[in-house]
Amino acid sequence: MKNVFYLLFISLTFTLSSCIEIIDDIAIKNDGSGTFKYTVNLSSSKIKINSILALDSLEGRRVPSLEEIQQKVAAFKSKLEGKPGISNVTLEENYNEYIFKLKCDFTNISALQNALKEVIQEESKEKNIAELEHTWLSWDGQKMGRSVPEFTIKKTKEFKQEEIDRLKEGNYTSISRFERPVEKFDNPSAVLSSNKLAVMIKTNPFVLSQNADVLENTIYLSPLKN
Amino acid sequence: MLNLKALNFSFVRSAVLFIILFVSSISFAQRSEDLIPKDAVTVFSINNFTLLQKISLDDLVKYEFMEEVQQELFDGSTSGKTMKDSGIDFDQKLNVFYGKGDEYEVSGFTFGIKNKADLFQVFDDFEQIESPYEGVEFYGSYFNNLIIKGNSALLIRVEPTMEKVDAATDSIWYARGNENPFDTYGLDEEENKEDVFEEEMPEESDIDSYNVPSLGEDPNQKNYYELRDSVQVVMQAAFLDKLCTELLIRKVNLVNYDNRFAQQLTHESEGIFYLDNSRSLQNAQGLWYFETMFPTLYEDIKELYTGNVMLGDLILHESSVEFKMEARYGPELGSIYEKMNDSKFDKHVLKYINKNNTAYFTYNVDMREAYEQAYKVIMPILTDEKNVQISTNVLTIELLNEFINKDALFNTYKGSMFGTFNGIKKIKTTKIEFSYDEETFEYIEKEVEAEEDLPIFTLGFTTDRGDIPEKVLNHLSRLTSRFKNKGNYWVYEDAILEAAPLYMLNKNGLFIFTNDEDLAVNHSDGYGAEALSRTEAKKSKKSGFMYGYIDWAKAIEKFPRDFFDERENEIIDAMRGKTGAMHLTTSETTKEKTTFELIYSFEGSYENSGKYLLDLLNSIYVMSK
């Protein structure tokens, strides 16, 4: 009877709405090196995540255990640590609130991009992921270009309406930081920090999935003083 | 005068002959149910005539479960055709059956034939095979067999159990001097592991390695899997022959093998259900260990389950669907059930069930009486077993029986309980938000209050020793600050999914678990005027050991959509907006049987209950696929 009660409880928690918050934060120094931070906050969905983890399978697919997720996350970190040009990789995992914070230093933008692409490719079952060909970061010392591959647009076409509604409730924040002031930027949705050293764009995962251009931005910096 | 006499005699003779022929045709006409093999353990029999009086065939074939039946019947080779074109006689019953024995599994259905030519227009994948049985036509397709006798047919699939196939294959394989076949392809354990996150198709190169024989292999010698396939085919034919000999020559079928099934078939309900639990138990995979290690004990347990059968009737009314199920059992098991279910209803539970609950149940048993009777019935069986392990267990049970304070145990947990589902409510929880500094866009974590929807459940147990759980709660509160005594109730913070509190009430002879803050804080002595109405309370009290209620309209709104795909959700959506209630009642339990009655009463725009039932069946079918 206890199991029936628990099962009923678990199944009904799926009626809950949930949302995700992502912060994508990149700081570039004048020499092109920098720090990349990626934060995923699922604390407002913790009941749902706990419910799912209590199940063996969902929609015909096996639900991994918490230990398996931890192993997978650790493997990602370990692989990233081994990539050239990447150092000081830290991964904070909060399994009470389901907040994950990845942080690493990079010697240049290409090293960061290559490292992430390689790890994603290694972790993926899919071979030759076309979206990984995309260059989402560029830096020439004077300006920085950011964009998002169309991968997510294709994926969200497979989503159910409820999932789309949940994506709309989420937040996606993209921050670019610099050592010298920003002179101007292309994206009208972006805002500049008061100290003029950071540019932020806020959107939600659904808008981002439908229009990758929403994060597309070229940020021009003030000339480097000798 | 003579002529008149002769005429009269001739008329009388003709009349008598006609009556004899008519009676003979009734008595000896082949009926579809006569082709159900005795190996069938579960049968659902539909009285088509009654059903189809209410449902048009064109509507019937639109249902997804009928599409599947058609696929099974027609093997997908006659797209666009319907049951209507199939030559099936809807005046005969359609009997769907399944059974699993020690040697083989059978599944299929039997039905009447109205027009054989039409039948084979759609059964075009079946080829006639020479029949070894007189008066019987035999047809076969890749998987299925179609057997026609008179105007009835049996569509059957016989599959030997994998244990039998593997045992025979292994025996032949090793007798030929072969090595362990599972090392052949060089797959180590790690590679065979199920992928944790995704299923994927094998690489083309992997597939090749399975199919292409190695250079050292003898092309005339079968590999293990080919051998197993051959063994399976041979066994399949042998078991089909065994089944057919019994059914068609010895004329043993389920109707004459089990009188209870024969009796059930005489019911004039729209459908009948039969499940022989005793045979189900014998064939349960989990009992093989018992059967092997403790054969005497296994035989005794089988004996205990003798006569255990479920017999059901499905009855359609204009505004309700009724499902009556009779659970029959042998005298020994019956004596335990009778004692267990002979319990006084605990009326305290009624005040904790809100009249607006979406669903609730009451369960009324006496665990003490059940324990004592089970001890009387089961212990002699265990004591007779001459096995060290069993003897040790018997001694342990006997010592526990002597030393344990059964009064304290069974007064704490008496066995009766109730449960409610109070719908979805907002509960207070917390979440982490990031707040940004406008100067630098640096961000910090901040815990904020949040609200989340949560299903609200209550589960309560009758107890005469509330002091015992109170001792446990007091102890737990000393161990962790998450356990708090709030006077009228206890609260365990973040107990549910690490996010929501669980409340415990220990009052009025009940120990209640709930995540309903309103119940704990405002109604610790019950709902008062908001509790169940007298009429509803009376129904619950009058029912046997169990009573259940679901407000279908409210429950369907709370269906967990995430569990189903888009197509399944369409069916659920179609059910939304229709009102109805399900009531489950039980009879008094006797040594012989307990009767369960599930009535689904509804209001809605449906033409008749048959259509409503088919919508329901279709929903269940789609969901369970």
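Residues numbered from 1 in each chain as written. Chains lettered and ligands numbered in written order. Predicted model: local features only at pLDDT ≥ 70, side-chain atom pairs only at ≥ 80, totals over all residues. Heavy atoms only, no water.

K.L.:
Explain the overall build of chain B here, please?
P.N.:
When its secondary structure is counted, chain B shows 24 helices and 21 strands. A burial count over chain B gives 44% of its 625 residues as buried. The contacts in chain B between residues at least 6 apart in sequence include a share of 68% that link residues at least 24 apart. Only carbon and sulfur atoms are counted for the fraction: they give 54% of the accessible area of chain B, which is about 34,000 Å². (Helix = DSSP H or I, 4+ residues; strand = E, 2+ residues; numbered from the N terminus. Buried < 20%, exposed > 50% of the residue type's maximum accessible area, 1.4 Å probe, protein only. Contact = heavy atoms within 4.5 Å. Areas by Shrake-Rupley, 256 points an atom, 1.4 Å probe, with all protein chains shown as cover.)

K.L.:
What exactly am I supposed to notice about the sheet that holds strand 5 (residues 86-94) of chain A here?
P.N.:
Paired through their backbone hydrogen bonds, the strands of a sheet run either parallel or antiparallel. All names here are of chain A. Spatially, 5-6-2-1-9-12-11 is the arrangement adopted by the seven strands of the open sheet, whose pairing is mixed. Two strands close off the open sheet at either side, each with one partner strand: strand 5 and strand 11 (191-192). Here eight bridges tie strand 2 (residues 34-41) to strand 6 (residues 99-106), and the two strands are oriented antiparallel to one another. Counted as the bridge partner of asparagine 41 is isoleucine 99 from strand 6. Packing of helix 3 (residues 66-81) onto the sheet brings it into contact with strand 5 and strand 6, and relative to strand 5 it is tilted by some 165°. (Pairing = 2+ DSSP bridges. Axes fitted to C-alpha atoms, helices over the stretch in contact; angles between N-to-C directions.)

K.L.:
Looking at this structure, how should I read the packing of helix 15 (residues 331-341) of chain B against helix 16 (residues 367-384) of chain B?
P.N.:
Any two packed helices are characterised by how steeply their axes cross, that is the angle between the axes, and by the distance between the axes. All names here are of chain B. Axis separation between helix 15 and helix 16 bottoms out at 7 Å; the angle between their running directions is 165°. In terms of their interaxial angle, helix 15 and helix 16 are classed as roughly antiparallel. Between helix 15 and helix 16 the crossing geometry is right-handed. Seen from helix 15, the contacting residues are Glu332, Ser335, Ile336, Lys339 and Met340; seen from helix 16, they are Glu369, Ala370, Gln373, Ala374, Val377 and Ile378. Grouping the amino acids of the contact of helix 15 with helix 16 by side-chain chemistry returns six nonpolar, two polar and three charged. (Parallel < 35°, antiparallel > 145°, perpendicular 65-115°, else oblique. Left-handed = near helix turned anticlockwise from the far one by under 90°. Nonpolar A, V, L, I, M, F, W, Y, C, P; charged D, E, K, R; others polar.)

K.L.:
Which parts of the structure should I look at to understand the side chain of serine 32 of chain B?
P.N.:
Among the structural elements, serine 32 of chain B can be located in the loop between helix 1 (2-28) and strand 1 (42-46). For serine 32 of chain B, the contacting residues outside a window of four places in its chain are Gln92, Lys93, Asn95, Thr110, Phe111, Gly112 and Ser152 of chain B.

K.L.:
Please explain unusual backbone geometry as it appears in this structure.
P.N.:
Where the residue is not glycine, phi is negative for most of them; where a peptide bond is considered, it is trans in most cases. Positive phi, close to 50°, is recorded for asparagine 88 of chain A, a residue that is not glycine. Non-glycine residue phenylalanine 441 of chain B carries a positive phi angle of around 65°. Looking at the element boundaries, phenylalanine 441 of chain B is found in the loop between strand 13 (417-436) and strand 14 (443-462). The exposure class of phenylalanine 441 of chain B is buried, given its relative accessible area of 1%.

K.L.:
Quick question: what am I supposed to make of the sheet that holds strand 13 (residues 217-221) of chain A here?
P.N.:
All names here are of chain A. Pairing is antiparallel across the open sheet formed by four strands, whose spatial order is 7-8-13-10. Edge positions in the sheet fall to strand 7 (137-139) and strand 10 (182-185), since each of these pairs with one other strand and no more. This sheet shows a mean twist of 15° between the axes of neighbouring strands, independent of strand direction. In this sheet, strand 8 (residues 143-146) lies alongside strand 7 in antiparallel orientation, the contact comprising three bridges. Across the sheet, serine 138 pairs through a bridge with glycine 145, a residue of strand 8.

K.L.:
Sorry if this is basic, but what is going on with a nonpolar patch on the surface here?
P.N.:
Residue and element names in this part refer to chain B. A surface patch of nonpolar side chains, amounting to about 340 Å² of accessible area, comprises Leu395, Leu399 and Phe403. Residue position: leucine 395 is located in helix 17 (residues 388-403). Looking at leucine 395, the relative accessible area reads 48%, which means it is partly exposed. (Patch = residues over 30% accessible without salt bridge, like charges linked within 9 Å, V, L, I, M, F, W, Y side chains within 5 Å. Salt bridge = Lys/Arg side-chain N within 4 Å of Asp/Glu carboxyl O.)

K.L.:
Mind showing me how you'd approach the nonpolar core here?
P.N.:
Where a protein is soluble and globular, its nonpolar side chains tend to be buried together. Membership of the largest hydrophobic core comes to 40 residues, with the highest contact counts inside it found for Ile26, Ile28, Leu80, Ile86, Phe106, Leu112 and Phe178 of chain A. Ranked by residue count, the leading element in this core is helix 4 (residues 109-123) of chain A, at five residues. Once you skip the residues sitting within four places of it in the chain, leucine 112 of chain A turns out to touch Ile26, Phe36, Ile86, Cys104, Phe106 and Leu137 of chain A. Grouped together as the second largest cluster of nonpolar side chains are 35 residues, Val136, Leu227, Met235 and Leu248 of chain B included. (Core = buried A, V, L, I, M, F, W, Y, C linked by side-chain atoms within 4.5 Å.)

K.L.:
Where do I start with helix 16 of chain B in this structure?
P.N.:
With 18 residues, helix 16 of chain B should cover 26 Å at 1.5 Å per step; its first-to-last C-alpha distance of 25 Å lies within 8% of that length. For helix 16 of chain B, every residue scored as buried is listed here: Ala370, Gln373, Ala374, Tyr375, Val377, Met379, Ile381 and Leu382 of chain B. (Expected span 1.5 Å × (residues − 1).)

K.L.:
Sorry, what's going on with the pattern of salt bridges here?
P.N.:
Any two side chains of opposite charge can pair, so long as their charged atoms come close to each other. All names here are of chain B. Tallied over the entire structure, the rule returns 32 salt bridges over all chains. With a closest N to O distance of 4.0 Å, arginine 260 and aspartate 276 form a salt bridge. Of this pair, arginine 260 sits in helix 11 (residues 259-265) while aspartate 276 is found in strand 9 (residues 271-276), placing the two residues 16 residues apart along the sequence. A relative accessible area of 21% places arginine 260 in the partly exposed class.

K.L.:
Explanation requested: the packing of aromatic side chains in the structure shown.
P.N.:
In this description, a pair of aromatic rings is defined by centroid distance and the angle of the planes. Residue and element names in this part refer to chain B. Under the defined criterion, the tally for this structure stands at 26 aromatic pairs over all chains. Consider the rings of tyrosine 371 and phenylalanine 410, whose centres lie 5.3 Å apart with planes at 35°: the pair is tilted. Of this pair, tyrosine 371 sits in helix 16 while phenylalanine 410 sits in helix 18 (residues 406-412); the two residues are 39 residues apart in sequence, bridging distant segments of the chain. Overall, the relative accessible area of 11% leaves phenylalanine 410 in the buried class. Counting every residue linked through ring pairs, the aromatic cluster contains Tyr413, Phe461, Phe511 and Phe513. (Phe/Tyr/Trp six-rings, centres within 6.5 Å; stacked < 30°, edge-to-face > 60°.)

K.L.:
How should I be thinking about the pairing of strand 7 (residues 145-149) of chain B in this particular structure?
P.N.:
All names here are of chain B. Burial within strand 7 is extensive, with five of its five residues counted as buried. Side chains Asn145, Ile147 and Lys149 of strand 7 all project onto a buried face; the interleaved residues Leu146 and Ile148 project onto the opposite face, where all are buried too. Examined bridge by bridge, strand 6 (residues 136-140) and strand 7 share five bridges and lie antiparallel to one another. Its bridge partner being in strand 7, valine 136 is matched across the sheet by lysine 149. The antiparallel hairpin formed by strand 6 and strand 7 contains four residues in its connecting segment. Both strand 7 and strand 8 (residues 152-160) contribute to a ladder of five bridges, which runs antiparallel. Following the sheet pairing, asparagine 145 is matched in strand 8 by isoleucine 156.

K.L.:
Help me understand helix 2 (residues 46-53) of chain A in this model?
P.N.:
For an α-helix, 3.6 residues make a turn, and residues three or four places apart therefore share a direction. In terms of burial, helix 2 of chain A is a largely internal element, six of the eight residues being buried. For helix 2 of chain A, the complete set of buried residues consists of Lys46, Ile47, Lys48, Ile49, Asn50 and Ser51 of chain A.

K.L.:
Got a minute to help me understand the pairing of strand 4 (residues 104-113) of chain B in this structure?
P.N.:
The side chains of a regular strand alternate, residue by residue, between the two faces of the sheet. Residues and elements named next belong to chain B. Of all 10 residues that make up strand 4, eight are buried, and the element is covered over most of its length. Of the strand pairs in this sheet, strand 2 (residues 88-89) and strand 4 are connected by two bridges, and their pairing is antiparallel. When the sheet's bridge partners are listed, aspartate 89 is paired in strand 4 with glycine 112. Sheet topology note: the strand 3 (residues 94-100)/strand 4 ladder contains six bridges and is antiparallel. The partner of valine 96 across the bridge, within strand 4, is phenylalanine 109. Once strand 3 ends, the chain turns through three residues before running back antiparallel as strand 4. Pairing of strand 4 with strand 8, which is carried by nine bridges, proceeds in the antiparallel orientation. Residue pairing in the sheet places glycine 108 in a bridge with isoleucine 156 of strand 8.

K.L.:
Which parts of the structure should I look at to understand the environment of serine 147 of chain A?
P.N.:
Residue and element names in this part refer to chain A. By secondary structure assignment, the location of serine 147 is in the loop between strand 8 and helix 5 (151-156). Taking relative accessible area as the criterion, serine 147 reaches 15% and is therefore assigned buried. When the C-alpha positions of serine 147 and aspartate 213 are compared, they lie 6.8 Å apart, and in sequence the two are 66 residues distant. Serine 147 has contacts with His134, Thr135, Trp136 and Glu216, leaving out every residue within four places of it along the chain.

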